[in-house]
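Each chain, letter by letter, is given below.
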Amino acid sequence: MIALLQRVSSASVVVDGANIGAIEAGLMVLVCAERGDTEKEADILLAKLLGYRVFGDDAGKMNRSVADVAGGLLLVPQFTLAADTRSGTRPSLTPAAAPADGLRLFSHFVAQAKLKHPVVQTGQFGADMKVTLTNDGPVTFWLQVNPK
């Protein structure tokens, strides 16, 4: 599983002209399931994400997590993060999980996030989404959990 997280002052997702998810300060996270991933990888990635220290403490050091600052989470499915870009000029998307598996794992990830964090909004799996964000920093990190 892959998560590309961005610390934001605000972020939102629009589908068919309707705002379906929005947060103020927190993390906008693009989430991708890869072939071979299971709920185990999703749970490990979520735990890492919720504890990842990317928010400043009183000294300005990145020592606080999204949980510590009670920030929002905007979780957006993004299967293209799994693209193999090593050759040619067109990405291969075969490393991404099959759509049914991707939906199942994204849904699991969201459900677990909602159990563990108070402010969780989402994009829509399989939809043409328009994502808007104001990256705070900018601060962007790639987190990845590979199946054993």
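Small disclaimer: the values here were computed from a predicted structure and weren't measured.

A closer look at the environment of Lys61
Positionally, Lys61 belongs in the loop between strand E4 (53-56) and strand E5 (62-65). With residues up to four places along the chain from it excluded, the contact list for Lys61 reads Phe55 and Gly56.

Let's talk about the pairing of E5
Bridge count between E4 and E5: three bridges; the pairing is antiparallel. Its bridge partner lying in E5, Phe55 is registered against Arg64. Joining the antiparallel neighbours E4 and E5 is a turn of five residues, in which Gly60 adopts a positive phi near 85°.

Quick word on the packing of helix H1 (residues 39-51) against helix H2 (residues 99-116)
The contact between H1 and H2 brings their axes to 10 Å, and the two run at 40°. Classified by the angle between their axes, H1 and H2 sit oblique to one another. Read as a crossing pair, H1 and H2 show a hand that is right-handed. Counted together, Glu39, Ala42, Asp43, Leu45, Leu46, Leu49 and Leu50 of H1 and Arg104, Leu105, His108, Phe109, Gln112, Ala113 and Lys116 of H2 form the full contact between these two elements. Residue composition of the contact of H1 with H2, grouped by class: eight nonpolar, two polar and four charged.

Observations concerning unusual backbone geometry
In this model, Gly137 is joined to Pro138 through a cis peptide bond whose omega is 0°. Tracing the backbone shows Pro138 in strand E8 (residues 129-144). Positive phi is not limited to glycine here, since Asp16 has a value of about 50°. Inspection of the secondary structure puts Asp16 in the loop between strand E1 (2-15) and strand E2 (18-23).

Side note on the environment of Thr122
Considering the arrangement of structural elements, one finds Thr122 in strand E7 (residues 120-122). The exposure class of Thr122 is buried, given its relative accessible area of 19%. With 75 residues separating them in the primary sequence, Thr122 and Ala47 have C-alpha atoms 18 Å apart. Ignoring anything within four residues of it in the chain, the contact list for Thr122 reads Ile20, Gly21, Leu74, Leu75, Phe106 and Val110.

Details of the pairing of E2
Bridging between E1 and E2 involves five bridges; their strand directions are antiparallel. Its bridge partner lying in E2, Val15 is registered against Ala18. Once E1 ends, the chain turns through two residues before running back antiparallel as E2, passing Asp16 with a positive phi of about 50°.

About the cut-offs
- Residues numbered from 1 in each chain as written.
- Predicted model: local features only at pLDDT ≥ 70, side-chain atom pairs only at ≥ 80, totals over all residues.
- Heavy atoms only, no water.
- Helix = DSSP H or I, 4+ residues; strand = E, 2+ residues; numbered from the N terminus.
- Contact = heavy atoms within 4.5 Å.
- Pairing = 2+ DSSP bridges.
- Axes fitted to C-alpha atoms, helices over the stretch in contact; angles between N-to-C directions.
- Parallel < 35°, antiparallel > 145°, perpendicular 65-115°, else oblique.
- Left-handed = near helix turned anticlockwise from the far one by under 90°.
- Nonpolar A, V, L, I, M, F, W, Y, C, P; charged D, E, K, R; others polar.
- Buried < 20%, exposed > 50% of the residue type's maximum accessible area, 1.4 Å probe, protein only.

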